[in-house]
Amino acid sequence: MMMYILAEKTTKDFKPTEYGSDLYKLCSSLEYGDVLEGEVQIWEYPSGIISTVKPDREVGQKDYYSIPDKDRWLPVLERLDEDKKRVSSAYLLLSSKQKGHHSILGHIISKLKTFIR
(Lines give C-alpha, C1' and ligand atoms only; values in the text may rest on other atoms or scores of the structure.)
Protein backbone atom coordinates (compact mmCIF):
# COMPACT_ATOMS: atom_id res chain seq x y z
CA MET A 1 0.00 0.00 0.00
CA MET A 2 1.31 3.43 -0.96
CA MET A 3 1.84 5.81 1.94
CA TYR A 4 2.57 9.51 1.60
CA ILE A 5 4.76 11.44 4.02
CA LEU A 6 4.52 15.19 4.43
CA ALA A 7 7.95 16.74 5.03
CA GLU A 8 8.32 20.37 6.06
CA LYS A 9 11.34 22.58 5.49
CA THR A 10 13.57 23.33 8.46
CA THR A 11 16.67 25.51 8.57
CA LYS A 12 18.84 22.60 7.36
CA ASP A 13 16.65 20.13 5.50
CA PHE A 14 13.14 18.68 5.32
CA LYS A 15 11.65 16.99 8.37
CA PRO A 16 8.89 14.37 8.00
CA THR A 17 5.91 15.44 10.09
CA GLU A 18 2.94 13.21 9.24
CA TYR A 19 1.87 10.43 6.93
CA GLY A 20 -1.21 8.80 5.45
CA SER A 21 -2.58 6.91 2.48
CA ASP A 22 -4.83 9.79 1.34
CA LEU A 23 -2.68 12.34 -0.51
CA TYR A 24 -5.56 14.82 -0.83
CA LYS A 25 -6.21 14.76 2.92
CA LEU A 26 -2.51 15.13 3.69
CA CYS A 27 -2.29 18.22 1.45
CA SER A 28 -5.66 19.72 2.42
CA SER A 29 -4.25 22.08 5.06
CA LEU A 30 -1.24 23.34 3.10
CA GLU A 31 -1.15 27.08 2.53
CA TYR A 32 -0.52 28.46 -0.95
CA GLY A 33 2.39 30.62 0.23
CA ASP A 34 4.22 27.68 1.82
CA VAL A 35 3.74 25.60 -1.32
CA LEU A 36 4.84 28.46 -3.58
CA GLU A 37 7.99 29.01 -1.51
CA GLY A 38 8.95 25.30 -1.58
CA GLU A 39 8.39 24.74 2.13
CA VAL A 40 6.89 21.24 1.76
CA GLN A 41 7.67 17.95 0.10
CA ILE A 42 5.78 14.69 -0.31
CA TRP A 43 7.71 11.46 0.09
CA GLU A 44 6.23 8.21 -1.22
CA TYR A 45 6.69 4.97 0.68
CA PRO A 46 7.79 2.31 -0.32
CA SER A 47 8.97 3.69 -3.70
CA GLY A 48 11.26 6.32 -2.10
CA ILE A 49 10.15 9.04 -4.51
CA ILE A 50 10.62 12.56 -3.15
CA SER A 51 8.55 15.31 -4.76
CA THR A 52 8.18 19.00 -4.21
CA VAL A 53 4.64 20.36 -3.99
CA LYS A 54 3.73 23.14 -6.39
CA PRO A 55 0.51 25.08 -6.91
CA ASP A 56 -1.25 24.33 -10.21
CA ARG A 57 -1.87 28.06 -10.82
CA GLU A 58 -1.09 31.50 -9.47
CA VAL A 59 -3.47 33.26 -7.13
CA GLY A 60 -3.79 36.85 -6.03
CA GLN A 61 -2.28 38.29 -2.86
CA LYS A 62 -5.59 37.94 -0.98
CA ASP A 63 -5.39 34.14 -1.42
CA TYR A 64 -1.71 33.81 -0.42
CA TYR A 65 -2.64 31.98 2.80
CA SER A 66 -5.47 29.94 1.27
CA ILE A 67 -5.66 26.17 1.44
CA PRO A 68 -6.27 24.01 -1.64
CA ASP A 69 -9.64 24.50 -3.29
CA LYS A 70 -10.66 23.51 -6.82
CA ASP A 71 -11.69 27.11 -7.52
CA ARG A 72 -8.44 28.69 -6.23
CA TRP A 73 -5.49 26.31 -6.57
CA LEU A 74 -4.59 22.65 -6.17
CA PRO A 75 -1.29 21.05 -5.19
CA VAL A 76 0.64 19.10 -7.82
CA LEU A 77 3.72 16.95 -7.29
CA GLU A 78 6.97 17.49 -9.16
CA ARG A 79 9.46 14.66 -8.76
CA LEU A 80 12.85 15.69 -7.36
CA ASP A 81 14.69 12.57 -6.29
CA GLU A 82 14.47 8.99 -5.08
CA ASP A 83 15.86 7.88 -1.71
CA LYS A 84 14.34 4.62 -0.49
CA LYS A 85 16.47 4.48 2.64
CA ARG A 86 15.58 8.00 3.81
CA VAL A 87 11.87 7.58 3.05
CA SER A 88 11.72 4.13 4.71
CA SER A 89 13.40 5.52 7.83
CA ALA A 90 10.92 8.39 7.96
CA TYR A 91 7.97 6.03 7.56
CA LEU A 92 9.21 3.70 10.31
CA LEU A 93 9.79 6.66 12.63
CA LEU A 94 6.36 8.22 12.04
CA SER A 95 4.47 4.91 12.20
CA SER A 96 6.21 3.91 15.45
CA LYS A 97 5.30 7.28 17.00
CA GLN A 98 1.67 6.75 16.04
CA LYS A 99 1.64 3.23 17.47
CA GLY A 100 3.24 4.56 20.66
CA HIS A 101 0.60 7.29 20.86
CA HIS A 102 -2.19 4.73 20.49
CA SER A 103 -0.72 2.43 23.15
CA ILE A 104 -0.38 5.32 25.62
CA LEU A 105 -3.95 6.40 24.89
CA GLY A 106 -5.14 2.81 25.35
CA HIS A 107 -3.34 2.62 28.70
CA ILE A 108 -4.98 5.85 29.89
CA ILE A 109 -8.43 4.65 28.81
CA SER A 110 -7.99 1.31 30.60
CA LYS A 111 -6.94 3.15 33.79
CA LEU A 112 -9.98 5.42 33.52
CA LYS A 113 -12.27 2.43 33.08
CA THR A 114 -10.77 0.83 36.19
CA PHE A 115 -11.20 4.07 38.12
CA ILE A 116 -14.83 4.49 37.01
CA ARG A 117 -15.79 0.97 38.13
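Our subject is the structure listed above.
Since the structure is predicted, the reported quantities are computational estimates derived from the model, not experimental observations.

### Focus on the pairing of strand E2 (residues 14-20)
Step number 1: Relative to E2, strand E1 (residues 3-9) runs antiparallel, the two sharing six bridges. Pairing of Tyr4 across the sheet is with Gly20, part of E2.
Step number 2: Two successive antiparallel strands, E1 and E2, enclose a turn made up of four residues.

### Here we look at the pairing of strand E4 (residues 49-55)
Step number 1: Counting buried residues in E4 gives six out of seven residues, a clear majority hidden from the surface.
Step number 2: Where strand E3 (residues 40-45) meets E4, three bridges bridge the pair, whose relative direction is antiparallel. Paired with Ile42 across the bridge in E4 is Ser51.
Step number 3: Joining the antiparallel neighbours E3 and E4 is a turn of three residues, in which Gly48 adopts a positive phi near 85 degrees.
Step number 4: Bridge analysis of E4 against strand E5 (residues 75-82) gives seven bridges, and the strand direction is antiparallel. Residue pairing in the sheet places Pro55 in a bridge with Pro75 of E5.

### Some details on the sheet that holds E1
The pairing of strands in a sheet happens through backbone hydrogen bonds and is either parallel or antiparallel.
Step number 1: As summarised here, the arrangement of the five strands in space is E2-E1-E3-E4-E5, forming an open sheet in which the pairing is antiparallel. Among the strands making up the open sheet, the edge pair consists of E2 and E5. Each strand axis lies, on average, 30 degrees off the axis of its neighbour in the sheet, ignoring direction.

### Describing the side chain of Ser66
Step number 1: Tracing the backbone shows Ser66 in the loop between E4 and E5.
Step number 2: A polar side-chain atom of Ser66 sits 3.1 Å from a polar atom in the side chain of Trp73.
Step number 3: Residue contacts for Ser66: discarding those within four places in its chain leaves Leu30, Glu31, Tyr32, Arg72 and Trp73.

### Some thoughts on the pattern of salt bridges
Step number 1: A complete count under the given rule lists six salt bridges for this structure.
Step number 2: Between Asp56 and Arg57 there is a salt bridge, and its shortest N-O distance comes to 3.0 Å.
Step number 3: Using a relative accessible area of 31% as the deciding quantity, one classes Arg57 as partly exposed.
Step number 4: Its salt-bridge partner being Asp63, residue Lys62 comes within 3.6 Å of it at the nearest N-O pair.
Step number 5: Asp63 gets classed as buried once you look at its relative accessible area, which sits at 13%.

### Some remarks on the nonpolar core
Step number 1: Membership of the largest hydrophobic core comes to 13 residues, with the highest contact counts inside it found for Leu6, Leu30, Val35, Val40, Ile42 and Val53.
Step number 2: The set of elements that each furnish at least two residues to this core consists of E1, helix H1 (23-27), helix H2 (32-36) and E3.
Step number 3: Those residues in contact with Ile42, other than ones at most four positions away along the chain, are Tyr4, Ile5, Leu6, Leu23, Leu26, Cys27, Ile49, Ile50, Ser51, Val53 and Leu77.
Step number 4: By size, the runner-up hydrophobic cluster in this structure holds ten residues, among which are Trp43, Ile50, Val87 and Tyr91.

The rules we used
- Residues numbered from 1 in each chain as written.
- Predicted model: local features only at pLDDT ≥ 70, side-chain atom pairs only at ≥ 80, totals over all residues.
- Heavy atoms only, no water.
- Pairing = 2+ DSSP bridges.
- Helix = DSSP H or I, 4+ residues; strand = E, 2+ residues; numbered from the N terminus.
- Buried < 20%, exposed > 50% of the residue type's maximum accessible area, 1.4 Å probe, protein only.
- Axes fitted to C-alpha atoms, helices over the stretch in contact; angles between N-to-C directions.
- Polar contact = N/O pair within 3.5 Å; in protein donor to acceptor, adjacent residues only side chain to side chain.
- Contact = heavy atoms within 4.5 Å.
- Salt bridge = Lys/Arg side-chain N within 4 Å of Asp/Glu carboxyl O.
- Core = buried A, V, L, I, M, F, W, Y, C linked by side-chain atoms within 4.5 Å.

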